[in-house]
Structure formats: C-alpha cells, structure tokens
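Residue-level listing of the chains:
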Amino acid sequence: MLKQKTNDQSATELPDTTAVISVGDDSPMFVDLAASLVEIRKLNGIMGYILRNNTAAIIDLTEQDKIMEYAILANQISESSSEISKQFNLTDIKSVLVEGKTVKVLCMNISGNQISVFMEKTANFDSLMKRIQQYRLL
Amino acid sequence: MVTEVDSNPIQTIIEEIKNISPEITNALVFKNNGQTIAYTQTITETQTKKFVANFASIALQAAAIGSIENFTIQAEDGQINIVAVDDCFLATVSSLTVKPEILKSLTQVVVPTIVRLVNQIEPHSINQSLKTKEVEKKINDDAPLIEKEEADVEPILESQPPFEPFLPKTPISQFMVEKISGLLVPADTVRIDGEVVEKWSNIYEDKQFNSVIIEALDGKKTTCKFRAIKESKNNAKGIIQIPEKILQTLQTEKGKLVIVRPVID
C-alpha cells in the first residue's frame, strides 16, 4: 500500500510542496541509491525522480499533478528501450536520455533498480550520470 | 530496381550515411504518424515496424515532457539516437567508436537539412511516393480497381501505428490496460476511466455513443461496448479494464497501452 512520507521521516529536508511516496522494503543498494538521489534532487534544474525495483519504490516529484504521467512515461521508456536495444543486438543499457521540449528524463537501471530523473531542459546531467553510474561498479 | 521510395532524396542520403561513417550501422527516417520514409538496407521491414511501434509507445506518453525532441540509448556496445526533424524522426544506430562530431553533423545538420528542404520544395512528395507505391501494390494484387483519386485519400499504411493523434474531431484517449474477470463481468464490455467518458459526453452533447474502438499499438483493433468506471478518480485514472476475450482479440495484456475513441451513433 502506498504511504505518504512526511518530511521528518525523510533523511533530508524536502520542500513542503514535494510529493514523496514510498512503498515496500528496501535493499541495501536501493537505500544507497535513494540517498544519492536525495542529494541529486538538490541540484539546480532537477525536478524530481522515481526509483523503483521489484519490491520497493520512491517517487519524489515537484509537480504532484504529473506523478501519474511521469510514472507511466518512465515505465514505458524502460520497457521500450529494452525492446529497441534487443532489436539491434545492443546489450546492457547504460542510460536512456529522452529530451522533450520542456523537460528531459534520464533513465538508468542499476542492478534491477530503475532510476528516472526528471530535469529542466537546460540542466546538466553529465555529473549526475557519473554519480549514479558509480553504483554500476559496486 | 529503383522504386518510388528508393528514388527519394532522403533515401539517398540515408544510404550514403554508412559510406560517410561506417560506424553508423543502421539509419531510418519515419514520420510522426508511423510511416517509414527511408531506411538502410541493413534493416528489414519487420524490424522497422517493430522499432517504430516501440518508439511510438514512448512518444505517446511523452506529452508530459512536451513531446520528444531527442532520444538516446547508450549501451555498453553501441548507441541509438533519434532526433525529431519537423514532422519526422531520424534514427541512427552506431557503435561506440563513431566520432561524435560526425554523428552530430549527420544527425543534427545534414539529414535534417535535407528533410526540411524536401518538405519545403515538395511538401507532399514523400506522401505521394508512398501513395503511388500503395496503389501499384493494390493493382498488382488484383484487388478491385479503385480510382487513383480515391486511393490518394488514405495515405497511411495500416500496418504502422499512428502515435500522433490526427483526428481532431474524434477525441482519442490512451489508456493502460487492466484485466477484468468475474462471473458478473460481460465478455463484450470494457470499463473506462469515468473522467474520460464525462469529457466525451461534454464534447458530444446530443449524440449517443455506446461503443468504442480500441486499438493496440501494433494496429489491432476491435469495437466493443463500454461502461464508465465510477470508482475513485485516482484508482481509475488512465485505466481501461478489459475482459479476457477482448484482450485476446487485441493480443494485448495488462500494463500495455491502447488507444480508445468513441463510436458516435
């Protein structure tokens, strides 16, 4: 069942307007990634993120009214990118970047943990990509 | 044999890409309604259709981020890049050894410039060539004779899914599939997000609609009766509940996306 996390339950303080929804039990890798994403969330231009695996999920997005749309989009990017890659015999996707007219989404899969970071079009994602990719090496 | 499609300038430049940069193994250009305009000989027609259908699944959801301008998959052994050019998309598959400046030049300057030029000089040339090919195919298949003018009315290839709503008068909504079962569930009726049904009712004040056309992303369609879901909005938002029989007809399943539009009596 979905539960709404209050700010004092979170590891770090988040703006009052932010929707943080979490569900499920967390594995150590999931917890590490969640902590890293909390830090990434503070960077300029980052609008929020979705972190999920088979048993747990965290959604932290500024635009609460778009949570559903963003969640469906993130899921679709993950599924279809995997299909497209298979079609061209590409193995092990490192990242998927989808740039829209207003927002861009960076999706990565780290050991079964699906990460989708939503950011403003002008935001620099190189540093956050490196930051998340370090977990691939662990 | 040079066909109508082969002779278009976009096809020529797409074939040439591999000579300019052998690291680019595949390339294709397709319209935002799913029509393929040009593709390298390294891709089969089936691959092309599957590729476009998969991309369409994402594009349909991308309204939330202002539609797709650029799409990149980075893998351990290669990358796929899709760039929007006017009403088309250029897709390239390349190895990691490709020189970024050449890839950028080809995908963001050379091909887009040619696509735009072709669109400016002959706005309908691409559609025309596809239409002609379609008509020729129909005649060759000994299909009943149809006048060319009549054939020109429907330029869209049926086998490819339209992922940009292009029928402004009929509201087209997209839903995520949920399976519904039970003794009291009619096998010929789907249940749709009540909020959407209400919007349809507002648009068609005096007209009746008791059935809907459901289309899966691979183009399979069916018409069936529907009922509105009257549950809490959050649970039903964007959802269509479909009985097993209709799921089989559409060859779709829970979690997949379908396009739905009302049938106006």
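Note that this is a predicted model, so its numbers are computed, not measured.

**Quick notes on the overall build of chain A**
No. 1: Within chain A, the secondary structure is distributed over 3 helices and 7 strands.
No. 2: Ordered by position from N to C terminus, the α and β elements of chain A give β-β-α-β-β-α-β-β-β-α.
No. 3: Counting the 138 residues in chain A, one finds 52% classified as buried.
No. 4: When the accessible area of chain A is evaluated, it comes to approximately 6900 Å², of which 51% is carbon and sulfur surface.

**Observations regarding the pattern of salt bridges**
No. 1: Considering all chains together, one arrives at 10 salt bridges over all chains under this definition.
No. 2: Here Arg41(A) and Asp60(A) are joined by a salt bridge, their closest N and O atoms 3.1 Å apart. Pair noted here: Arg41(A) is in helix H1 (residues 28-41) and Asp60(A) is in strand S4 (residues 57-61), with a separation of 19 residues, a long-range link.
No. 3: Under the relative-accessibility criterion, Arg41(A) is labelled buried at 10%.
No. 4: By relative accessible area, which is 1% here, Asp60(A) ends up buried.
No. 5: A salt bridge links Lys225(B) to Asp188(B); its shortest N-O distance comes to 3.3 Å. Of the two residues, Lys225(B) sits in strand S9 (residues 221-229) while Asp188(B) sits in the loop between strand S6 (173-180) and strand S7 (189-193), which places them 37 residues apart along the sequence.
No. 6: Residue classification places Asp188(B) among the partly exposed residues on the basis of a relative accessible area of 38%.

**Let's talk about the environment of Asn44(A)**
All names here are of chain A.
No. 1: Tracing the backbone through its elements, the reader meets Asn44 in the loop between H1 and strand S3 (46-52).
No. 2: Among the residues examined, Asn44 registers a relative accessible area of 75% and is labelled exposed.
No. 3: As for Asn44 and Glu120, which are separated by 76 residues in sequence, their C-alpha atoms are 8.8 Å apart.

**Describing the interface of chain B and chain A**
No. 1: Each partner contributes to the interface: chain B provides 34 residues, whereas chain A provides 34 residues.
No. 2: At the boundary of chain B with chain A, total buried surface from both sides reaches about 3100 Å², with 60% on carbon and sulfur atoms.
No. 3: Its largest share of buried area at the contact with chain A, chain B owes to Ala64(B), Ile65(B) and Glu76(B), together 20% of the area lost on that side.
No. 4: One can count 1 salt bridge joining chain B with chain A.
No. 5: The partner of Lys121(A) in a salt bridge is Glu69(B), and the shortest N-O contact between them spans 2.6 Å.

**Re the confidence of the model for chain A**
No. 1: Model confidence for chain A is summarised by a mean pLDDT of 80, while 78% of its residues fall at 70 or above.
No. 2: Predicted confidence is poor over residues 1-17 of chain A, with pLDDT under 50, and the contacts of this stretch with residues over four places away or in other chains come to 25 contacts.

**Considering H1(A)**
Note on helix geometry: an α-helix contains 3.6 residues per turn, so any two residues three or four positions apart are oriented the same way.
Residue and element names in this part refer to chain A.
No. 1: Taking 1.5 Å of rise per residue, the 14 residues of H1 would be expected to cover 20 Å, and the 20 Å separating its terminal C-alpha atoms lies within 8% of that figure.
No. 2: Taken together, the buried positions of H1 are Met29, Phe30, Leu33, Ala34, Ser36, Leu37, Val38, Ile40 and Arg41.
No. 3: Taken together, the buried residues of H1 touch S3, S4, strand S6 (103-110), strand S7 (113-120) and helix H3 (126-133).

About the cut-offs
Residues numbered from 1 in each chain as written. Chains lettered and ligands numbered in written order. Predicted model: local features only at pLDDT ≥ 70, side-chain atom pairs only at ≥ 80, totals over all residues. Heavy atoms only, no water. Helix = DSSP H or I, 4+ residues; strand = E, 2+ residues; numbered from the N terminus. Buried < 20%, exposed > 50% of the residue type's maximum accessible area, 1.4 Å probe, protein only. Areas by Shrake-Rupley, 256 points an atom, 1.4 Å probe, with all protein chains shown as cover. Salt bridge = Lys/Arg side-chain N within 4 Å of Asp/Glu carboxyl O. Contact = heavy atoms within 4.5 Å. Buried area = accessible area lost by both parts, 1.4 Å probe. pLDDT = per-residue confidence, 0-100. Expected span 1.5 Å × (residues − 1).

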